[in-house]
Amino acid sequence: MNNFIYEIPTKVYFGENQLQGNLSQEIKKYGNRVLLVYGGGSIKKIGLYQKIIKELQEANIEVYEFSGIEPNPRHTSINKAIQICKENSIDTILAVGGGSVIDSSKLISTGRYYDGDAWDFVIGKIQIKKAMPIITVVTLAATGSEMNGTAVISNMDTKYKKSIKSSLVIPKVSFLDPTITYSVNKYQTACGSCDILSHILETYFSRNNGLYMLDTVMEGLMKTVIKYSKIAYNDPENYEARANLMWASSWAINGFARIDRQPNIWVCHLLEHQLSAFYDITHGLGLAILTPRYLRYTLNENTVDRYYSFGVNVLDIDASLPKMEVAEKSIKCLEKLFYEDLELINNLSDLNIDDRYFQEMANRICSNGIVEGFIDMDKEDIVKIFKDCL
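All figures in this text were calculated on a predicted structure; none of them were measured in a lab.

Notes on the sheet that holds strand S2 (residues 33-37)
Logical step 1: Strand order in this open sheet of six strands is S1-S8-S5-S4-S2-S3, and the pairing throughout is parallel. This sheet does not close on itself; its edge strands, each paired only once, are strand S1 (11-14) and strand S3 (62-66). Each strand of the sheet is rotated relative to its neighbour by a mean of 20 degrees, with strand direction disregarded.
Logical step 2: The pairing of strand S5 (residues 134-138) with strand S8 (residues 173-176) spans three bridges and is parallel. The residue bridging valine 137 from the neighbouring strand is phenylalanine 175, located in S8.
Logical step 3: Its contacts with the sheet put helix H5 (residues 99-111) on S2, strand S4 (92-97) and S5, and the angle it makes with S4 is roughly 165 degrees.

Structure representation (structure tokens):
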């Protein structure tokens, strides 16, 4: 394992009714003019918007708004929000929503200090050197964006979906109230849970040896997601289930589980980002379709030990069985979770996706010849996995 430095600068308010008094107090630390960023308006339906506006108005905080952030957030929308920040000398961004809203806010926060297209940051034309403070109110347990410095942004004109990463865009404060997620529907609960689980699986299934301590942490996180995703799916107002998913979401991708496994290439995410870029599908659904196929494709005599640990320690499969049998059973357990327990679509064909763009998608993923991961893959491997998903 490698040496590492680990730091989480995000202050978290976890639990019910933490917004009152605390939200305005935290915003005022950074200024008095805030841009409220949110998505399609569901926060108004559940009364969260009204609660936040009341809190800010009573504290004499000047509120500007930008709504309509898309599920796969577009750089074009982000550019419009940046303009509001520039024209009104915004001090702080308040992101209220799921990962798309929070990711957008990260690019808005740094685009505020740049005169060009925000997409320039995504393609590496310009480096992030300054960013406005971000405060988040999380409405969906999924991406964990409230506790890290990564954002994934889409350019629908060029069909690209890429990420930015900087410690400067890590949220300063995040409010995590599990009761806010009671209104999340079954489909989004399922997709969010698959997203959380994928974040852990992508790190766990690594060829790099790491700390036993972190392996056990990841195994515990995965057991938590598997158990409570099914409960929240069937009992949406179960506080224990929503709380466990929400906290697991943050810790699945705040860097803690990854620190001993660098570099760690997330191959399923690379594949899914291409699907989302070309077809604008829900990220968690894409991962649910891809992950079992990817795991089956990378299973061999050299990798089977990892599957065995996963099957025995996470899924409670009989340890006395042959390793390859445990591995096969573990993949089938994941398929049962995704497609039966959480009732997600199990193939791309039902989403009207064919193999038309698979070669182009593979070319993008393997732009340097191969992609390193649990096993090395070339374009042919990537196309085969995509085809297995049809």
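Section: the packing of helix H10 (residues 267-279) against helix H11 (residues 283-297)
Logical step 1: One way to put it is that H10 packs onto H11 with a least axis distance of 9 Å and a crossing angle of 135 degrees. Comparing their axes, H11 and H10 come out oblique. The interaxial crossing formed by H10 with H11 has right-handed handedness. Within the contact between the two elements, H10 uses Val267, Cys268, His269, Leu271, Glu272, His273, Leu275 and Ser276 and H11 uses His283, Gly286, Leu287, Leu290, Thr291 and Tyr294.
Logical step 2: Split into classes, the residues belonging to the contact of H10 with H11 amount to seven nonpolar, six polar and one charged.

Re helix H15 (residues 379-388)
Logical step 1: Listing the buried residues of H15 in full gives Asp381, Ile382, Val383, Ile385 and Phe386.
Logical step 2: Along its buried surface, H15 packs onto H10, H11 and helix H14 (358-365).
Logical step 3: You can read the cap of H15 off the contacts: a side-chain oxygen lies 3.1 Å from the backbone nitrogen of glutamate 380, and it is on aspartate 378.

Topic: unusual backbone geometry
Logical step 1: With a phi angle near 50 degrees, serine 89 is a residue other than glycine that sits in the positive phi range.
Logical step 2: Following the sequence through the fold, serine 89 ends up in the loop between helix H4 (75-88) and S4.
Logical step 3: Phi is positive for aspartate 280, close to 55 degrees, though the residue is something other than glycine.
Logical step 4: Mapping aspartate 280 onto the fold places it in the loop between H10 and H11.

Concerning the pattern of salt bridges
Logical step 1: Under the criterion given, the structure shown has 16 salt bridges.
Logical step 2: Here glutamate 58 ties to lysine 54 by a salt bridge, and the two come within 2.7 Å at their closest N and O atoms. Taken together, the residues span about one helical turn, with glutamate 58 and lysine 54 both in helix H3 (residues 48-58) at a distance of four residues.
Logical step 3: With a shortest N-O distance of 2.9 Å, lysine 336 and aspartate 341 are connected by a salt bridge.
Logical step 4: The class for lysine 336 is partly exposed, based on a relative accessible area of 38%.
Logical step 5: Salt bridges sharing partners connect three or more residues here, namely Lys11, Glu26 and Lys29.

Some remarks on the nonpolar core
Logical step 1: Counting residues in hydrophobic clusters, the biggest one holds 100 residues, and the most contacted among them are Leu35, Ile108, Leu197, Phe310, Ile382 and Phe386.
Logical step 2: When near neighbours in sequence (up to four residues on either side) are disregarded, phenylalanine 386 contacts Leu271, Gln274, Leu275, Leu290, Leu348, Phe358, Met361 and Ile365.
Logical step 3: If you look at the next biggest cluster of nonpolar residues, it comprises 22 residues, including Tyr13, Leu48, Ile52 and Phe175.

Let's talk about the environment of tyrosine 113
Logical step 1: One can find tyrosine 113 in the loop between H5 and helix H6 (119-122).
Logical step 2: Separated by 17 residues in the primary sequence, tyrosine 113 and lysine 130 place their C-alpha atoms 7.0 Å from one another.
Logical step 3: Beyond its immediate sequence surroundings of up to four residues, tyrosine 113 is in contact with Lys130, Ala131 and Met132.

Conventions we followed
- Residues numbered from 1 in each chain as written.
- Predicted model: local features only at pLDDT ≥ 70, side-chain atom pairs only at ≥ 80, totals over all residues.
- Heavy atoms only, no water.
- Pairing = 2+ DSSP bridges.
- Helix = DSSP H or I, 4+ residues; strand = E, 2+ residues; numbered from the N terminus.
- Axes fitted to C-alpha atoms, helices over the stretch in contact; angles between N-to-C directions.
- Contact = heavy atoms within 4.5 Å.
- Parallel < 35°, antiparallel > 145°, perpendicular 65-115°, else oblique.
- Left-handed = near helix turned anticlockwise from the far one by under 90°.
- Nonpolar A, V, L, I, M, F, W, Y, C, P; charged D, E, K, R; others polar.
- Buried < 20%, exposed > 50% of the residue type's maximum accessible area, 1.4 Å probe, protein only.
- Polar contact = N/O pair within 3.5 Å; in protein donor to acceptor, adjacent residues only side chain to side chain.
- Salt bridge = Lys/Arg side-chain N within 4 Å of Asp/Glu carboxyl O.
- Core = buried A, V, L, I, M, F, W, Y, C linked by side-chain atoms within 4.5 Å.

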